[in-house]
Amino acid sequence: MFIYTREAHPGETVPHHHSFERKLASAKLLAEEAGIGRDILVDNLDGTVHRAYGLMPNMTWVIARGGRIAYKANWTSAANVEAFLIRFLDARGKHPPGTTPVMYETQQAEFRYPDRERFMQHLLRNGPRAVAEFEKAQKLWAQRGAT
Amino acid sequence: MGEANRDAGATYNYPHFDDYVANGGDMADEATFWASPRAGQRAPEFVLPRLDDGAHVRLSDLWRSKPLVMEFGSFT
């Protein structure tokens, strides 16, 4: 399931959402262009659900059967989610006779390898302004790193 | 929508990414992620409209009988 949030990099073609109708129109465009086959749910204009789950632009959560959080990542890696699900379901289902599985929590860092060319194409899809503003943001991040 | 909600929506739906970063929005949002519910806790419950037919979908109905993968995102 996919939850459409806000445009992280608004531009001339795909702007920020100033109305729910605008948000719905952008969500439909994304569904068509990206070919998302899963159900898409649309958050409200204020981002109520996005806020409750942590406001990151590309994140994934896994909720275990019954409603407990099993996994949260501030970046989406399909391979990482898949590997987690296999391990989680296996551990939950195949516990030794006479034992009861007890959930515990880990926190671990992972690496990702951004495809800059693909990302820049996505920015350009939103509009040239999205590219220019991302480049300005990169300078701001560099300044942060220097202080 | 009330005045406070309009303000919240305007801040949330920032029009310029560089201004959002210059104002520390990215750092604040990352802090929100780390302050959000942890693994093992109950997932926040909401009802959201489904894009293709407008049906109101309760999240707990989706995780009642099997695990639910929830990906959040936009065009970028």
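Our structure is the block above this text.
Since the model is a prediction, treat every value here as computed from it, not as a measurement. (Residues numbered from 1 in each chain as written. Chains lettered and ligands numbered in written order. Predicted model: local features only at pLDDT ≥ 70, side-chain atom pairs only at ≥ 80, totals over all residues.)

**Q** How would you sum up the interface of chain A and chain B? Please name residues and give values.
**A** At the interface, 67 residues of chain A touch 46 residues of chain B. Of the residues that constitute the side of chain A that touches chain B, the class distribution is 36 nonpolar, 17 polar and 14 charged. Pairing analysis gives five bridges linking strand β3 (residues 59-63) of chain A to strand β3 (residues 68-73) of chain B, with the strands arranged antiparallel. Residue pairing for β3(B): A:Thr60 is matched across the bridge by B:Glu71. (Contact = placed C-beta atoms within 7 Å. Nonpolar A, V, L, I, M, F, W, Y, C, P; charged D, E, K, R; others polar. Pairing = 2+ DSSP bridges. Helix = DSSP H or I, 4+ residues; strand = E, 2+ residues; numbered from the N terminus.)

**Q** If you had to explain unusual backbone geometry to someone new, which residues and values would you point to?
**A** Residue and element names in this part refer to chain A. With a phi angle near 60°, Leu-55 is a residue other than glycine that sits in the positive phi range. Among the structural elements, Leu-55 can be located in the loop between α2 (48-53) and β3. Leu-55 sits in the buried class, given 24 other C-beta atoms within 10 Å. (Buried ≥ 20, exposed ≤ 12 C-beta atoms within 10 Å, placed from the backbone.)

**Q** Requested: an account of the nonpolar core, with residues and values cited.
**A** Ranked by size, the top nonpolar core spans 29 residues in total, and within it A:Ile3, A:Tyr4, A:Ile40, A:Val42, A:Trp61, A:Ile63 and B:Met70 carry the most contacts. Elements that contribute at least two residues to this core include exactly β1 (2-4), α1 (20-34), β2 (40-42), α2, β3 and β4 (69-73) of chain A together with β3 of chain B. Other than its neighbours up to four places away in sequence, A:Trp61 contacts A:Tyr53, A:Ile69, A:Tyr71, A:Lys72 and B:Met70. Counting six residues, the second-largest nonpolar core is a separate cluster that includes A:Leu123, A:Ala130, B:Tyr20 and B:Val21. (Core = buried A, V, L, I, M, F, W, Y, C linked by C-beta atoms within 7 Å.)

**Q** Quick rundown of the environment of A:Ala64? Include the residues and the values.
**A** One can find A:Ala64 in the loop between β3 and β4. Judged by the 20 C-beta atoms lying within 10 Å of it, A:Ala64 is buried. Not counting residues within four places of it along the chain, the set of residues in contact with A:Ala64 comprises A:Ala70 and B:Pro67.

**Q** Pulling in residues and values, what's your account of the pairing of β3(B)?
**A** Summarising burial for β3(B): five of the six residues are buried, a large majority. As paired elements, β1(A) and β3(B) share three bridges and run parallel to each other. Its bridge partner being in β3(B), A:Ile3 is matched across the sheet by B:Phe72.

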